Amino acid sequence: MSLSIGIVGLPNVGKSTLFNALTKAQNAQAANYPFCTIEPNKATVAVPDARVDALTTKAKPKKTIYASVDFIDIAGLVRGASKGEGLGNQFLGNIRECAAIVHVVRCFEDGNITHVDGNVNPLRDVETIETELLLADLQSVERRLEKLQKMAKGSKDAKAAAEIMQELRNTLNAGQPAREFVLPDNEAFLAAWRELGLLTAKPVIYCANVDEAAVVDGNAFSSELESFAAGRQAGFARICAKLEEELQGLSDEEQTEMLASYGIEESGLVRIIRVGYDTLGLCSYFTAGPDEVRAWTIHKGWKAPQAAGVIHTDFERGFIRAEVIAYDEYMRHENEAACRADGVLRVEGKDYVVNDGDVMHFLFNV
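Keep in mind it's a predicted model, so treat the numbers as computed, not measured.

The next point concerns the packing of aromatic side chains. The final tally for this structure, using the stated rule, is seven aromatic pairs. Taken together, a centroid distance of 6.2 Å and an interplanar angle of 40° make the contact between Phe189 and Trp193 tilted. Taken together, the residues span about one helical turn, with Phe189 and Trp193 both in helix H5 (residues 187–196) at a distance of four residues. Seen from their ring centres, Tyr285 and Phe362 are 5.9 Å apart, and the 85° between their planes marks the pair as edge-to-face. Here the residue Tyr285 occupies a position in strand S8 (residues 282–288), and Phe362 occupies one in strand S12 (residues 359–364), the gap between them amounting to 77 residues.

What follows is the structure, encoded as structure tokens:
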């Protein structure tokens, strides 16, 4: 299960600079003019996790595999993008499959970097992007509604789904995002909802891109955006994309020293991923042994069979039981045999709710 995050925002807000920093690859050309990103950029990056590092040191496996995040950098959107302005609607489709959206907002003044609207105004910029996302969703819903209305002539289920789709269209027309629409218990509608992948239904992480002077305490622009995000009960992260890019090419020790010189404890990558996990309600469990140490991403509250299913569907289908050791206990004992002898290795069944950091082995039969 890989977390997929789409990066959106106006041109020249620092999206591609952030993408370069996050992926440690200069494959998203950052330039001081709109639309320099003319193809969506996608990269898969490992999720930094000190627990994986510690498990690797302890278990000494042949290989280590971290959890991963797919970042997708989308060309800068402008007013009218949903109608084809700028690079237009073609890029919006690239984020329909993403689990969340990172909305990068410019929160710094720099006369050398052009702003498409002439000046820095975070909430205006947010409104511009969110209006385009909403209009794109409205187009998708109207097309699906037309299809359902044709099907409704011979199907009660389709008729009911069309009526609900009409309510959703009314919600969007009123300027409300799809995430505020209360989903009904109607499978025909829910199937259409899942296929649509509505952009305004996705959780949003508002990312304030500040300059070096504001990276620790923020500034008036980022504070305004942070308050806005809190009012939306949305995720928020403050980063300095320029600083993050400067970190690339440095050793881990040099990066730590540089971050410390600014009074920062974690990189923008770690911060955005952490906020992303919290926003989506995700956590990790681990498998550890001489062959491999690996982190697996699951939703909080998942039971053992569901967690096993991210390794292979057969694990879920044929689940028998799981052997579980809490991370702290695993690290406290000399080895797995010592955990078993001390009674901290537990055998859990189908109703066990997996905890963040559990070290697990699954027994299954198909």
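This part covers the sheet that holds strand S2 (residues 41–46). Pairing between the strands of a sheet is mediated by backbone hydrogen bonds and can be parallel or antiparallel. If you trace the six strands from one edge of the open sheet to the other, you get S2-S4-S1-S5-S6-S7, paired in mixed fashion. The open sheet has two free edges, formed respectively by S2 and strand S7 (235–239), since each of these has just one partner strand. The sheet shows a mean angle of 25° between the axes of neighbouring strands, taken without regard to direction. Judged from the five bridges that link them, strand S6 (residues 204–209) and S7 form a sheet pairing that is parallel. Its bridge partner being in S7, Tyr206 is matched across the sheet by Phe236. In the packing of helix H6 (residues 220–231) onto the sheet, contacts are made with strand S5 (100–106), S6 and S7, and the angle to S7 comes to roughly 165°.

Its twelve residues place the ends of H6 17 Å apart at the C-alpha level, agreeing with the 16 Å of an ideal helix rising 1.5 Å per residue. Taken residue by residue, H6 has Ser222, Leu225 and Ala229 as its buried positions. In a view along the axis of H6, the buried residues occupy a sector of 60°, so they form one face of it. Across H6 from its buried face, at more than 90 degrees, point the exposed residues Ala220, Ser227, Ala230 and Gly231. Buried residues in H6 make contact with S5, helix H3 (122–151), S6 and S7. Where H6 begins, one side-chain oxygen reaches toward the backbone nitrogen of Phe221, 3.1 Å away; that side chain belongs to Asn219. A positive phi of about 55° marks Gln233, the residue just after H6.

A word on the packing of H3 against H6. Where H3 contacts H6, the two axes come as close as 9 Å, and the packing angle between them is 50°. Taken together, the axis directions place H3 and H6 in an arrangement best described as oblique. On the side of H3, the interface is formed by Pro122, Leu123, Val126 and Glu130, while H6 contributes Phe221, Glu224, Leu225 and Phe228. Of the residues in the contact of H3 with H6, the class split is six nonpolar, no polar and two charged.

Our next topic: the state of the cysteines. Going through the model one piece at a time under the given rule, you end up with zero disulfides. We note that Cys207 lacks a disulfide partner, and the nearest cysteine sulfur, in Cys107, lies 8.7 Å from it. The buried category is assigned to Cys207, whose relative accessible area is 0%.

Basis of the calculations
Residues numbered from 1 in each chain as written. Predicted model: local features only at pLDDT ≥ 70, side-chain atom pairs only at ≥ 80, totals over all residues. Heavy atoms only, no water. Phe/Tyr/Trp six-rings, centres within 6.5 Å; stacked < 30°, edge-to-face > 60°. Helix = DSSP H or I, 4+ residues; strand = E, 2+ residues; numbered from the N terminus. Pairing = 2+ DSSP bridges. Axes fitted to C-alpha atoms, helices over the stretch in contact; angles between N-to-C directions. Contact = heavy atoms within 4.5 Å. Expected span 1.5 Å × (residues − 1). Buried < 20%, exposed > 50% of the residue type's maximum accessible area, 1.4 Å probe, protein only. Arc of directions from axis to C-beta. Polar contact = N/O pair within 3.5 Å; in protein donor to acceptor, adjacent residues only side chain to side chain. Parallel < 35°, antiparallel > 145°, perpendicular 65-115°, else oblique. Nonpolar A, V, L, I, M, F, W, Y, C, P; charged D, E, K, R; others polar. Disulfide = S-S within 2.5 Å.

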